[in-house]
Structures are given as C-alpha cells and as structure tokens.
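What follows is each chain in one-letter form.
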Amino acid sequence: MKAFEFINVKYDRGLTVILDKGLPLRYFEDYLNLCGDYIDYIKFGWGTVATIDRDIIKEKIRLSKEFNIKAYPGGTLFEYCYINNKFEDYLNECKDLGFETLEISDGSINLSLEERKDIIEKVREEFEVLTEVGKKDPSKDRVLSVDERIRIIKEDLNAGAKYVIIEGRESGKNIGLYDKNGNVKEDELNLIVKNVDIKNLIFEAPLKSQQVSFIKKFGSSVNLGNIPYEDVISLETLRRGLRGDTFNILNQNQ
C-alpha cells in the first residue's frame, strides 16, 4: 500500500517512457521496486545494450516484464545494424534477448518512406513497433518541415507502428519541437496534434519545464518519453497535481 493511500485515486495517466543509459542490475531492480508502477516503457538508450553482458540485459528485460514494463533497445542500434547489413542478425539477437518491442528510426541515417514502411511491416510480424521522427543533428532536423513530420507520422502509423515518438534527444534543446532554450514551439506542436491523434504520439520531454508544459496543455494523459530515470516520481507528482507547477490546473475543480 502506498503512503497516503486515501489520495491515490485512479486517473487517466499517459505513457511514461524512461531512458536507461546503463543502470547496474541491482540498482535497476531496486529502482523498479520503487517506481515501476509508473513506467510503461524502458528504452535502453542508443547502442548501450551492445556494450553490456547479454545475461544482464536478459535479466533487466525479465524484471521489467514483472512490472508490465516493455523494454526496447534504442533506435540508433537498429540504424547501425541496418546500414552495416546486420539487420537480420539484429532481429534475431533482440528476439533471443527477450525484447518484444523495437524502435525504428532514421535519426542518424536516411530512409525513404518506402523503406520505413517495408521495415515496419517486416518487424511488426514479431515485435511491437515504435518509430521515431526527427534527426539527431540539429542542422539536419531543422530542414525537416512540420508537414514532412506529419506525413512520416501518418505513414508509420498506417504501416503498423503502435506509437510514433517525436524526437527531443537527451538534451531537449534545439531539436524537434524545442528551441535552443528548450521551450516548446507551440505553432509546430499545434499543427501536429491537429493532424494526428495525440494518443498515437509520444513526446520526448527530458526537461521538467517541458513535462509541465505538455501536462498543462493536454492533461495527465499525455504520453512522454526520454524521461530521466531519476525523474519518474517527480513526473508522477506533476501528473497528479501534487507539485506546485500543476497543482492549480489539476485541482481547480476540487
């Protein structure tokens, strides 16, 4: 039972996707015992899983499943394997390790819409598919118009992606929907949610200010990704209106 159980009412909580950059196994286990109830996906960032012992990865995936959390390797690892003609090996290894979800992206490479479609359709046969829209290099990402992002999102969803992640990187600045200070570009955000069902989107929001902004705009049901592992409890309090930043918004009718 949680402390102060009398205020822990059920509510429509959006997805929380955390970024694991290589947490030690025992720490990881203790961490899930503390806040695993508030996590939906764990992304093992970029290519970190390729530097860690297989048995440790398998155990972290097993522990995640105990909490109904879906773990998946970062999209950069897929990109690396794909351009180096190791795609089939990549899929086989992911399956053997126990991954049931994969991320398809082209943040550091270039894929045509047709290639993305073919890859998603192939992967969805055995895995749940998340895709990501956006480039890792800010100079390349700026070239990608809002209309192009919307088109890619729609194509990915039509091809079978369960969710599409909007790139925000670990910094949350000068990339995707964020300006150089990490502020949300409201005009671009509004265009995207006008054309795509927000329930199909996950917004990478590594900064507290961004998490507050999305919750104020869309409510506690908004899907947020690239959440630092140490911010999960903090984000949960924001979603519930248990922190000053969202207290008045979420408790105005009480």
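Residues numbered from 1 in each chain as written. Predicted model: local features only at pLDDT ≥ 70, side-chain atom pairs only at ≥ 80, totals over all residues. Heavy atoms only, no water.

Some remarks on the pattern of salt bridges
This structure, assessed with the given rule, holds 28 salt bridges. In this structure, the salt-bridge partner of Lys21 is Glu170, at a minimum N-O distance of 2.7 Å. One end of the pair, Lys21, is in the loop between strand S1 (16-20) and helix H1 (25-35); the other, Glu170, is in the loop between strand S6 (163-166) and helix H8 (186-195), and 149 residues separate them in sequence. Overall, Lys21 belongs to the partly exposed group, its relative accessible area being 47%. A salt bridge links Glu204 to Lys43; the shortest N-O distance between them is 3.3 Å. Of the two residues, Glu204 sits in strand S7 (residues 201-204) while Lys43 sits in strand S2 (residues 41-44), which places them 161 residues apart along the sequence. A relative accessible area of 7% means that Lys43 is categorised as buried. Salt bridges sharing common partners tie together Arg13, Asp40, Glu236 and Arg240. (Salt bridge = Lys/Arg side-chain N within 4 Å of Asp/Glu carboxyl O. Helix = DSSP H or I, 4+ residues; strand = E, 2+ residues; numbered from the N terminus. Buried < 20%, exposed > 50% of the residue type's maximum accessible area, 1.4 Å probe, protein only.)

Some points on helix H9 (residues 208-218)
Turning to H9, its buried residues are Gln210, Gln211, Val212, Phe214 and Ile215. Where H9 ends, the next residue or the one after it, Gly219, has phi of about 90°, a positive value.

Concerning the pairing of strand S8 (residues 224-228)
Of all the five residues making up S8, five are buried; the element is thus mostly covered by neighbouring parts of the structure. Sheet topology note: the S1/S8 ladder contains three bridges and is parallel. Bridging across to S8, Leu19 finds its partner in Pro228. By the bridge criterion, two bridges tie S7 to S8 in an arrangement that is parallel. Considered in S8, the bridge of Glu204 is made with Gly225. Handedness of the S7-H9-S8 crossover: right-handed. (Pairing = 2+ DSSP bridges. Right-handed = clockwise from strand over helix to strand, strands pointing away.)

Thoughts on the packing of H1 against helix H2 (residues 54-66)
Running from amino to carboxyl end, H1 crosses H2 at an angle of 5°, the nearest separation of the two axes being 10 Å. One element, H1, and the other, H2, form an angle in the roughly parallel class. Contact residues: H1 offers Leu25, Phe28, Glu29 and Leu32, while H2 offers Ile56, Glu59, Lys60, Leu63 and Ser64. (Axes fitted to C-alpha atoms, helices over the stretch in contact; angles between N-to-C directions. Parallel < 35°, antiparallel > 145°, perpendicular 65-115°, else oblique. Contact = heavy atoms within 4.5 Å.)

Quick word on the sheet that holds S6
Read from one edge to the other, the open sheet built from eight strands follows the order S3-S2-S1-S8-S7-S6-S5-S4, with strand pairing classed as parallel. Only two strands of the sheet have a single partner each, and these edge strands are strand S3 (70-73) and strand S4 (101-104). Here the average twist between neighbouring strands, direction ignored, is 30°. As judged from the four bridges shared by S2 and S3, these two strands associate in the parallel manner. Across the sheet, Lys43 pairs through a bridge with Tyr72, a residue of S3. The sheet strands contacting helix H7 (residues 146-159) are strand S5 (128-133), S6 and S7, and the helix crosses S5 at an angle near 170°.

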